[in-house]
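Read off the chains here:
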Amino acid sequence: MSKFIKSIRGMHDVLPDDTHRWQAFEQTIRQLMATYGYREIRMPLVESTDLFCRSIGEVTDIVEKEMYTFEDRNGDKLTLRPEGTASCVRAGIQHGLLHNQVQRLWYNGPMFRHERPQKGRYRQFHQFGVEAFGIATPDIDVEQILISARLWQQLGLTGVRLELNTLGSTEARKNYKQVLVDYLNQHRDLLDEDSLRRLESNPLRILDSKNPAMKQLLDDAPVLFDHLDEESLQQFDKLKARLDAVGIEYTINPRLVRGLDYYCKTVFEWITDELGAQGTICAGGRYDGLVEQLGGKATPAVGFALGMERILALLESQQQQPAPGVDVYMVLLGDDCEIRGLQLAEDIRRHNPGLQMITHCGGGSMKSEMKKADKSGADIALILAEDELTKQQVTVKYLRDKKDQQSVAFDDLNNFIAAL
Ligand code: ATP
Ligand code: MG
């Protein structure tokens, strides 16, 4: 026997007992986004490596160590997308969706990052992402925070809190960077290897470090908020006033900088304490410079993405969702019944579009077929054996309710099913 080949570490099958939870989640997303006037966009899973280097930033965890990058047969350098924003912006520029217009878009699908797999952190995971282009004012930031809050409400998710910060304009951040670098340079001996490297290339990201040995140093570091420009501060005030008006609670976290380079002004995260270290279920913010950076005309933009696995894990721990079974199982005994049953079953499906029905295949005894009917989760079994065929009727057996079985003539079957 040859050796069995398993799935790749950190990449998981979603098994049929679990897909109903994904489908319900996706359905909720689709309906929710329509109620806010957002439209779906679908991008390829593979893009030019350059796209991610130029957008996410060369000195980020994603680009430095997490991307699945390879050369295809033409020698082109390609990458499995680690996130959706870069692709969405690329598609927007490429198809002329962004210039001088407003776009409200969403997508969902698999993303790929070569991280250390653990609970809530996978190498293939799924994001639902939302992006809005062409609006510079914080009302749209508020709209997106509201969308995420509405999603938690519709999913019945509890115990998530919103953290908020502003990163200011590019200019303000540049000034702050210098202040931060000066401070960190005075304490070089306390910096870890990663941070020393980032001191040159991307010092803001040091604030994002999860190294406990550096916690005190970072707690005492100068705060970006104290170096912000007037416009960003005003925008932040407007944002907070609107969140207050709609009753969205938040805490301001001045250390929230986000792991991707392209953010400016508003940044936010939704966090839970119920998932251990992987507690951020949703994250986003404004990225006014990205469209231009990727070759389009300057366009303000804001977006967020959520980790679907993390949310489903949270949902599963908070609520029971019994796996749905089929409605009807058709039991067919013998060759003639199989043929007649096939016709009846197709007729029933034609007349009852929403019905979920399994017609038994593979033969067997009455006992074994009934066992399968029961195991399928169906509410009723429709039985067609020789006796029924002679009388041109089926026997209806209730598998879950204490109701007597009954006979229904072939001609009445569609109406009978429809009335169930
Ligand atoms: P983290 O700090 O947890 O690594 P991140 O800042 O890298 O998150 P983003 O790139 O902002 O995450 O992605 C948005 C969301 O996608 C995250 O908040 C998280 O819920 C989810 N996510 C990110 N990476 C993974 C992963 N490897 N596995 C599962 N979900 C993930
Ligand atoms: Mg990450």
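Everything numeric here is computed off the predicted structure, so don't read it as measured data.

Enquirer: Break down the site of ligand 1 for me, with residues and values.
Expert: Every one of the 17 residues lining ligand 1 counts as a neighbour, but Arg113, Glu115, Arg121, Gln127 and Arg258 are closest to it. One of the side-chain nitrogen or oxygen atoms of Arg121 is found 2.8 Å away from an oxygen atom of ligand 1. Interatomic distance of 3.5 Å between a side-chain N/O atom of Lys210 and an oxygen atom of ligand 1. Within the complex, 90% of the 580 Å² of free accessible area of ligand 1 lies under protein. Per element, the largest residue contribution to the shell around ligand 1 is four residues, and it comes from strand β10 (residues 280-286). Residue classes in the shell around ligand 1 are distributed as seven nonpolar, four polar and six charged.

Enquirer: Now, about the sheet that holds strand β9 (residues 264-272): what can you tell me, with residues and values included?
Expert: As summarised here, the arrangement of the eight strands in space is β1-β5-β6-β11-β10-β9-β7-β8, forming an open sheet in which the pairing is mixed. The open sheet has two edge strands, β1 (39-40) and β8 (251-252), and neither has a second partner. Relative to strand β11 (residues 301-307), β10 runs antiparallel, the two sharing five bridges. Residue pairing across strands places Ala283 opposite Ala305, the latter belonging to β11.

Enquirer: Before we move on, can you summarise the nonpolar core with the specific residues and values?
Expert: Of all hydrophobic cores here, the largest spans 46 residues; its most connected members are Phe133, Leu184 and Leu207. Listing elements by their share of this core, those giving two or more residues are α2 (49-56), α3 (61-66), α4 (85-94), β5 (103-112), β6 (124-133), α6 (170-186), α8 (215-219) and α10 (290-293). No other element matches α6, which puts five residues into this core. Excluding anything up to four places from it in sequence, Phe133 contacts Cys88, Val89, Leu98, Gln101, Val102, Gln103, Leu105, Tyr287, Val291, Thr299, Pro300 and Ala301. Counting 40 residues, the second-largest nonpolar core is a separate cluster that includes Tyr38, Phe128, Val130 and Phe268.

Enquirer: For the environment of Arg340, give the residues involved together with the corresponding values.
Expert: Inspection of the secondary structure puts Arg340 in helix α12 (residues 335-351). On a C-alpha basis, the gap between Arg340 and Gln118 in space is 53 Å, while along the polypeptide they are 222 residues apart. Not counting residues up to four positions away in its chain, the partners in contact with Arg340 are Leu384, Leu389 and Phe410. Of the polar contacts made by the side chain of Arg340, one reaches the side chain of Gln343; its length is 3.0 Å.

Analysis parameters
- Residues numbered from 1 in each chain as written.
- Chains lettered and ligands numbered in written order.
- Predicted model: local features only at pLDDT ≥ 70, side-chain atom pairs only at ≥ 80, totals over all residues.
- Heavy atoms only, no water.
- Near = heavy atom within 4 Å.
- Polar contact = N/O pair within 3.5 Å; in protein donor to acceptor, adjacent residues only side chain to side chain.
- Areas by Shrake-Rupley, 256 points an atom, 1.4 Å probe, with all protein chains shown as cover.
- Helix = DSSP H or I, 4+ residues; strand = E, 2+ residues; numbered from the N terminus.
- Nonpolar A, V, L, I, M, F, W, Y, C, P; charged D, E, K, R; others polar.
- Pairing = 2+ DSSP bridges.
- Core = buried A, V, L, I, M, F, W, Y, C linked by side-chain atoms within 4.5 Å.
- Buried < 20%, exposed > 50% of the residue type's maximum accessible area, 1.4 Å probe, protein only.
- Contact = heavy atoms within 4.5 Å.

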